[in-house]
Amino acid sequence: MFPEGFLWGVSISGFQFEMGDREGRNVDPNTDWYAWVHDSNNIRRGLVSGDLPENGVNYWELYKRDHRIAERLGLNAYRIGVEWSRIFPQATFKVEVDVDRDGWGNISRIHVDGSALERLDETADKKAVEHYRAVVEDLRSRGFKVFVCLNHFTLPLWIHDPITARDTRLRRGPRGWVDEETVIEFTKYCAYVAWKLGDLVDEWATFNEPMVVPEAGYMTTQSGFPPGVTDFKALRRAAIHMAVAHARAYDAIKRWDTVKADEDSSSPADIGLIHNVIPIIPLDEERGLDVKAAEFLDRLHNHFFLKAVSEGWLDRDFNGVRDKGEVRSDMRGRLDWLGVNYYTRHVVKGRRSILARLILKMTSIPELANGYGFSCKPNSVSADGRPTSDFGWEVYPEGLLKALKAVVGYGKPLYLTENGIADAEDKLRPTYIVEHLKVLDEAINLEGIPVRGYLHWSLTDNYEWAKGFRMKFGLYSVDLETKRRSARRSARLLKKIIEEGGITRKVEREVNP
């Protein structure tokens, strides 16, 4: 059974849920992702689906309807996203702030003072600010603990033009996180939002799944993420800049959110990071190349960012060695809680690479093994005989415990901030939810791992990035013509689990009558 005070909720983002009103009044064309999914070259190549986000589920107008649905399910937590491009559709470069650098030239502090905030206020879209306030106020009026994520992949076009970056192979931009200037602009944006929403919000997340942006944008470019340019140096620059941006935004939010919104909050601003923690397993544990490849990918994907913002170790060359100048006091201790997103695992094999040996001093580079984890055939079974989702993701619930054990050592309160499955017919989702919650129960009650809440992805179907509307993650399906929400069986199941306080025999009979 789950402890008293445990949070049950859902997670959503801005870009994936907000658009979809019939008149198109609330379309946000000012993001890199909007330009990316509309690009005819991407559509023709099949890199993106051709589905368009302006035909989406219309959370912007229908947020009260969704909040009522969540309330009736018995949920008490809700994670939303704020879109940078909606707050600042125009560039904020002219609002100058002082930037300190250490002896190595690294950005160590960004001073966003009251005067800068006033000037940012002149540039901001006030209607967007007031809308986000109204969304949070409605959630709070219904008794929800509100988590606000400040960046979920998307960037304003004035920060990142993915088409220009792609077509020039990063010679021209703006190039998003490859450019250090983005660190400064992001910090200004976060400071401003904290200033405007801080009286309503105590739980902040700077980023959702930060490593996805450099990995998918500059390494696994077949994933359909912008800018789709294979460039390991760009990957490294982007990852480093995002880690520094988290630390500088952490400081800015702490400075400008000084009002406690909830009595049970530990401070006016608890600032976390939402990270997709993936168990990395070698295909052959007896083969040295596979083991080394798994160790590298685990260090890069799961721990690079967390070590940077908790221990202050910014492993700039990804070599796993604490080289001179890499451990920074201005990065250390910038994490109050950690959100874990968990879906499945990676199984990797190692491939020899002269380039990897020269650049990273590695004996092999990791490749994902087909038939496992995220690399399976849709609606089939994995190489281990496990069911796979509409997305081709292997159902692997025991990996959740591995993921939580991998990060418990950072000593922070944990939330399971995403867990779900693409399953249009809702055949796998009921069992998926039950089996993962069993593992979560074990993690809390037997392993003593401090997980404070479970937030399902997601309440409704949504726009799943390059895959468009084809992947159905919702507890509720959505008719994209009428925007009507219809409960799937798994929605009623989750409601029963919350009422029962965990996975009881009554709940198990619901899944297997």
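All figures in this text were calculated on a predicted structure; none of them were measured in a lab.

Conventions and cut-offs
- Within each chain, residues carry numbers counting from 1 in the order of the written sequence.
- In view of the model being predicted, local features appear only for residues whose pLDDT reaches at least 70, and side-chain atom pairs are presented and counted only at 80 or more, with totals across whole chains, interfaces and linings using the full set of residues.
- Based on all heavy atoms of the structure, the side-chain values leave hydrogens and waters out of the count.
- Here the rule is simple: two strands pair whenever DSSP picks up at least two bridges between them.
- Helix and strand assignments follow DSSP, with helices taken as H or I runs no shorter than four residues and strands as E runs no shorter than two, numbered in order from the N terminus.
- For helices, the fitted line uses only the C-alpha atoms of the stretch in contact; every axis is such a line through C-alpha atoms, and the angle between N-to-C directions lies from 0 to 180 degrees.
- Only heavy atoms matter for contacts: two residues are in contact if any of them lie within 4.5 Å across the pair.
- Of the grid points, spaced at 1 Å and generated over the protein atoms alone, those admitting a 1.4 Å probe that cannot get out make up cavities, while open sets with protein on both sides within 12 Å along at least five of seven lines make up pockets; any residue with an atom within 4 Å of a point is treated as lining.
- Grid points are joined across faces, edges and corners, and a volume is the space filled by probe spheres set on the points.
- Note that Gly is not counted as nonpolar here; it falls among the polar residues with everything else outside the nonpolar set of Ala, Val, Leu, Ile, Met, Phe, Trp, Tyr, Cys and Pro and the charged set of Asp, Glu, Lys and Arg.
- In this text, buried Ala, Val, Leu, Ile, Met, Phe, Trp, Tyr and Cys residues form a nonpolar core when linked through side-chain atoms within 4.5 Å.
- Accessible area is worked out with a 1.4 Å probe on protein chains only. A residue is then buried under 20% of its type maximum, exposed over 50%, and partly exposed in between.
- Here, expected helix span is obtained from the residue count minus one, scaled by 1.5 Å.
- In protein, a polar contact requires one atom able to donate a hydrogen and another able to accept it; more generally it is a pair of N or O atoms within 3.5 Å, and residues adjacent in sequence count only if both atoms are side-chain atoms.

Draft legend 1. Structural view of the sheet that holds strand 11 (residues 364-368). Taken in spatial order, the 3 strands line up as 8-10-11 in an open sheet, and their pairing is mixed. Looking at strand neighbours, the two that pair on one side only are strand 8 (280-282) and strand 11, the edges of this open sheet. Put simply, the sheet's adjacent strands are angled 45° from each other on average, direction ignored. Pairing of strand 10 (residues 346-352) with strand 11, which is carried by 5 bridges, proceeds in the antiparallel orientation. Residue pairing in the sheet places Arg352 in a bridge with Ser364 of strand 11. Against the sheet, helix 11 (residues 288-310) engages strand 8, strand 10 and strand 11, with an angle of about 120° to strand 10.

Draft legend 2. Structural view of empty space enclosed by the protein. Enumeration over the complete set of coordinates arrives at 6 cavities of 30 Å³ or more. One number sums up the size of the largest cavity: a volume of about 100 Å³. Forming the walls of the largest cavity are 13 residues, and the residues nearest its centre are Asp32, Phe153, His160, Val213 and Pro226. Elements represented by at least two residues in the lining of the largest cavity include exactly helix 1 (32-38) and helix 9 (212-218). For the lining of the largest cavity, a count of residues per class yields 9 nonpolar, 2 polar and 2 charged.

Draft legend 3. Broad picture of the nonpolar core. Among the nonpolar cores identified, the biggest contains 159 residues, and Trp8, Tyr78, Ile87, Trp177, Tyr189, Trp204 and Leu440 are the most heavily contacted of them. Examining the composition of this core, we find that 14 residues originate from one element, helix 10 (residues 232-256), more than from any other. The next biggest cluster of nonpolar side chains, apart from the first, holds 8 residues, and it includes Leu7, Cys149, Ile274 and Tyr415.

Draft legend 4. Geometry of unusual backbone geometry. Here the amide bond leading from Pro226 into Pro227 is cis, since omega sits at 0°, within 30 degrees of zero. Assignment of secondary structure puts Pro227 in the loop between helix 9 and helix 10. Each neighbour pair has its own omega, and for Trp457 with Ser458 the value is 0°, a cis peptide bond. Position of Ser458 among the secondary structure elements: in the loop between strand 13 (451-456) and strand 14 (476-478). Positive phi outside glycine occurs at Lys483, with the angle close to 65°. Inspection of the secondary structure puts Lys483 in the loop between strand 14 and strand 15 (485-487). Residue Lys483 is classed as buried on the basis of its relative accessible area, which comes to 10%.

Draft legend 5. Local environment of the layout of surface pockets. Considered as a void within the structure, the second largest pocket measures approximately 270 Å³ in volume. Lys145, Glu203, Asp264, Tyr415 and Arg452 are, among the 13 residues lining the second largest pocket, the residues nearest its centre. For the lining of the second largest pocket, the per-class residue count stands at 4 nonpolar, 3 polar and 6 charged.

Draft legend 6. Fine view of helix 6 (residues 126-141). In a regular helix each residue adds 1.5 Å, so 16 residues correspond to 22 Å; helix 6 covers 22 Å between its end C-alpha atoms and thus fits that length. The inward-facing, buried residues of helix 6 abut helix 3 (59-72), strand 2 (77-81), helix 4 (84-87), strand 5 (145-149) and helix 8 (181-197). Capping of helix 6 at its N-terminal end is provided by Asp125; its side-chain oxygen lies 3.0 Å from the backbone amide nitrogen of Lys127.

Draft legend 7. Structural detail: the sheet that holds strand 1 (residues 7-11). In spatial order, the strands read 1-2-5-6-7-9-12-13; together these 8 strands close into a barrel with parallel pairing. Sheet twist, expressed as the average angle between the axes of neighbouring strands with direction ignored, equals 25°. Lying over the sheet, helix 6 contacts strand 2 and strand 5, oriented at roughly 175° with respect to strand 2.

These figures capture arrangement, not role.
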